[in-house]
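# Secondary and tertiary structure notes
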Amino acid sequence: MKEIKIGFLQQQNTAVPEDNMQRLSKGIADLAKQGAQLIVLQELHNSLYFCQVEEVNNFDWAEPIPGPSTQFYGRLAKQFGVVIVTSLFEKRAPGLYHNTAVVIESDGTIAGKYRKMHIPDDPAYYEKFYFTPGDLGFHPITTSVGKLGVLVCWDQWYPEAARLMALQGAELLIYPTAIGYESSDTPDEQERQREAWTTVMRGHAVANGLPVVAVNRVGLEPDPSGNTQGIRFWGSSFVAGPQGELLYRASNSDEENVIVPVDLQHSEQVRRWWPFLRDRRIDEYGNIVRRFID
């Protein structure tokens, strides 16, 4: 058994980044004291989800990497000896910004980063206004707790992204996330969306024989423009095993600090039972890189 204790923080954010970061700091300390070795934070965890509106002044929230946030979380990682998966608004150059996950090693250094590749553009999720699509590709990040296949939110709908991480030796698939309900949808439709979100990632776990960690925001965040009733993030952060089994699923309405033990070695046994990688017809998949096949 190669057990790893994974902690995550499902948090409702405020409009004050310092408040969010201090509460995350306390949560990281609490999880570390309970034995967490890897701690995963939600998407864009320092602030409110500013992509509800297209506002040029919101670019002021961005920062370089390395920068103040990597220093802040680096100190926590080193103090508590944990690996932390962060999610930051990166300012790469004037006019060039990314939605970037940064993995901090347990000694406080940056183990690697991933720039979100798939960028949505939907009502209240105007991410194309802010984020340039990532250009680092899909590559696992090597850490002291294993090889982490870190992806971000909208990436979670794409099996190709999960597969490429798996083919390069990822031992975990990790998705910092910000997704919620649209207030005009019926309760039935809202539940279908939440279950689809959970199901697609559990499918990635099954298809690749890997555990999956998804950490979402929770709570209502008003629309600054007043054009909508805001987003009620549905929480429901979860950890699934390599057969898609739910090892833990958080509340859809409350903050949670949770530790879930995962046996990484179990993936090897699952892949022996279900050798999907062995049976792939790689000689017939050439058209997968086309937008559409007429």
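Predicted model only: the values in this text are computed from it and were never measured.

Conventions adopted
- Residues numbered from 1 in each chain as written.
- Predicted model: local features only at pLDDT ≥ 70, side-chain atom pairs only at ≥ 80, totals over all residues.
- Heavy atoms only, no water.
- Helix = DSSP H or I, 4+ residues; strand = E, 2+ residues; numbered from the N terminus.
- Rg over C-alpha atoms; globule rule 2.2 N^0.38 Å.
- Buried < 20%, exposed > 50% of the residue type's maximum accessible area, 1.4 Å probe, protein only.
- Contact = heavy atoms within 4.5 Å.
- Areas by Shrake-Rupley, 256 points an atom, 1.4 Å probe, with all protein chains shown as cover.
- Axes fitted to C-alpha atoms, helices over the stretch in contact; angles between N-to-C directions.
- Left-handed = near helix turned anticlockwise from the far one by under 90°.
- Nonpolar A, V, L, I, M, F, W, Y, C, P; charged D, E, K, R; others polar.
- Polar contact = N/O pair within 3.5 Å; in protein donor to acceptor, adjacent residues only side chain to side chain.
- Pairing = 2+ DSSP bridges.
- UniProt positions renumbered as here; feature names shortened; annotations may be inferred.
- Core = buried A, V, L, I, M, F, W, Y, C linked by side-chain atoms within 4.5 Å.
- Patch = residues over 30% accessible without salt bridge, like charges linked within 9 Å, V, L, I, M, F, W, Y side chains within 5 Å.
- Salt bridge = Lys/Arg side-chain N within 4 Å of Asp/Glu carboxyl O.

With that settled, consider the overall build of the protein. Secondary structure assignment for the protein yields 5 helices and 15 strands. Rg of the C-alpha trace for the protein: 18 Å, near the compact-globule value of 19 Å for 294 residues, within the 12% margin. Structurally, the protein occupies a C-alpha span of about 55 × 50 × 40 Å along its principal axes. Every one of the 294 residues in the protein was classed for burial, and the buried ones make up 51%. When contacts within the protein are restricted to residue pairs at least 6 apart in sequence, long-range pairs at least 24 apart make up 69% of them. Accessible surface for the protein amounts to roughly 13,300 Å². Of this, 52% is attributable to carbon and sulfur atoms.

Moving on, we come to the packing of helix H3 (residues 159-167) against helix H4 (residues 187-208). Interhelical geometry of H3 versus H4 gives an angle of 35° and a closest axis separation of 10 Å. The chirality of how H3 crosses H4 is right-handed. On H4, the residues touching Pro159, Ala162, Arg163 and Ala166 of H3 are His204, Ala207 and Asn208. Grouping the constituent residues of the contact of H3 with H4 by class yields 4 nonpolar, 2 polar and 1 charged.

Mapping Arg115 onto the fold places it in strand S5 (residues 110-115). Side-chain polar atoms of Arg115 contact the side chain of Asp135, separated by 3.0 Å. With residues up to four places along the chain from it excluded, the contact list for Arg115 reads Glu90, Arg92, His98, Asn99, Thr100, Gly134, Asp135 and Leu136.

Our next topic: the sheet that holds strand S11 (residues 218-221). As summarised here, the arrangement of the 3 strands in space is S9-S12-S11, forming an open sheet in which the pairing is antiparallel. The open sheet has two free edges, formed respectively by strand S9 (180-182) and S11, since each of these has just one partner strand. Neighbour-to-neighbour, the strand axes of the sheet open up by a mean angle of 20°, direction not taken into account. Where S11 and strand S12 (residues 231-234) come together, 4 bridges link them in antiparallel fashion. Within S12, the position partnered with Gly219 by the bridge is Phe233. Where H4 meets the sheet, its contacts fall on S9 and S12, and the angle it forms with S9 comes to roughly 150°.

Let us now look at the sheet that holds strand S10 (residues 212-216). Across the sheet, 6 strands lie side by side as S6-S7-S8-S10-S13-S14; this open sheet has mixed pairing. Two strands in the sheet have a free side with no partner beyond their single neighbour: strand S6 (141-143) and strand S14 (246-249). Strand after strand, the sheet turns through a mean of 20° between neighbouring axes, direction not considered. Where strand S8 (residues 172-177) meets S10, 5 bridges bridge the pair, whose relative direction is parallel. Opposite Thr177, over in S10, you have Asn216 as the bridge partner.

Moving on, we come to the environment of Lys2. Here Lys2 lies in the segment before strand S1 (3-10). Linking Lys2 and Leu264, residues 262 residues apart in sequence, is a C-alpha distance of 5.4 Å. Once you skip the residues sitting within four places of it in the chain, Lys2 turns out to touch Glu171, Val262, Asp263, Leu264 and Gln265. At a separation of 2.9 Å, a polar atom in the side chain of Lys2 contacts the side chain of Glu171.

Further remarks concern the UniProt feature "domain: CN hydrolase" (unreviewed entry) in the protein. Those places that UniProt annotates as "domain: CN hydrolase" (unreviewed entry) correspond, in this numbering, to residues 4-264. As annotated, residues 4-264 has a helix share of 23% and a strand share of 31%, and its two end C-alpha atoms lie 7 Å apart.

The next point concerns the nonpolar core. Within the largest apolar cluster, 62 residues are counted, with the highest numbers of intra-cluster contacts made by Leu38, Phe89, Leu148 and Ile174. The contact partners of Leu38, leaving out residues within four places of it in the chain, are Ile4, Lys5, Ile6, Gly7, Val83, Val85, Val145, Leu148, Leu172 and Ile174. Ranked by size, the runner-up nonpolar core spans 19 residues in total, among them Leu31, Ala32, Leu41 and Leu88.

This brings us to a nonpolar patch on the surface. A cluster of nonpolar side chains, namely Ile282, Tyr285, Ile288 and Val289, defines an oily patch on the protein surface of about 460 Å² accessible area. Within the element layout of this structure, Ile288 appears in the segment after helix H5 (266-273). Look at Ile288 and you get exposed, because its relative accessible area is 58%.

The next point concerns the pairing of S14. Where strand S13 (residues 238-240) meets S14, 3 bridges bridge the pair, whose relative direction is antiparallel. Considered in S14, the bridge of Ala240 is made with Leu246. Connecting S13 to the next strand, S14, in antiparallel fashion are 5 residues, including Gly244 with a positive phi near 85°.

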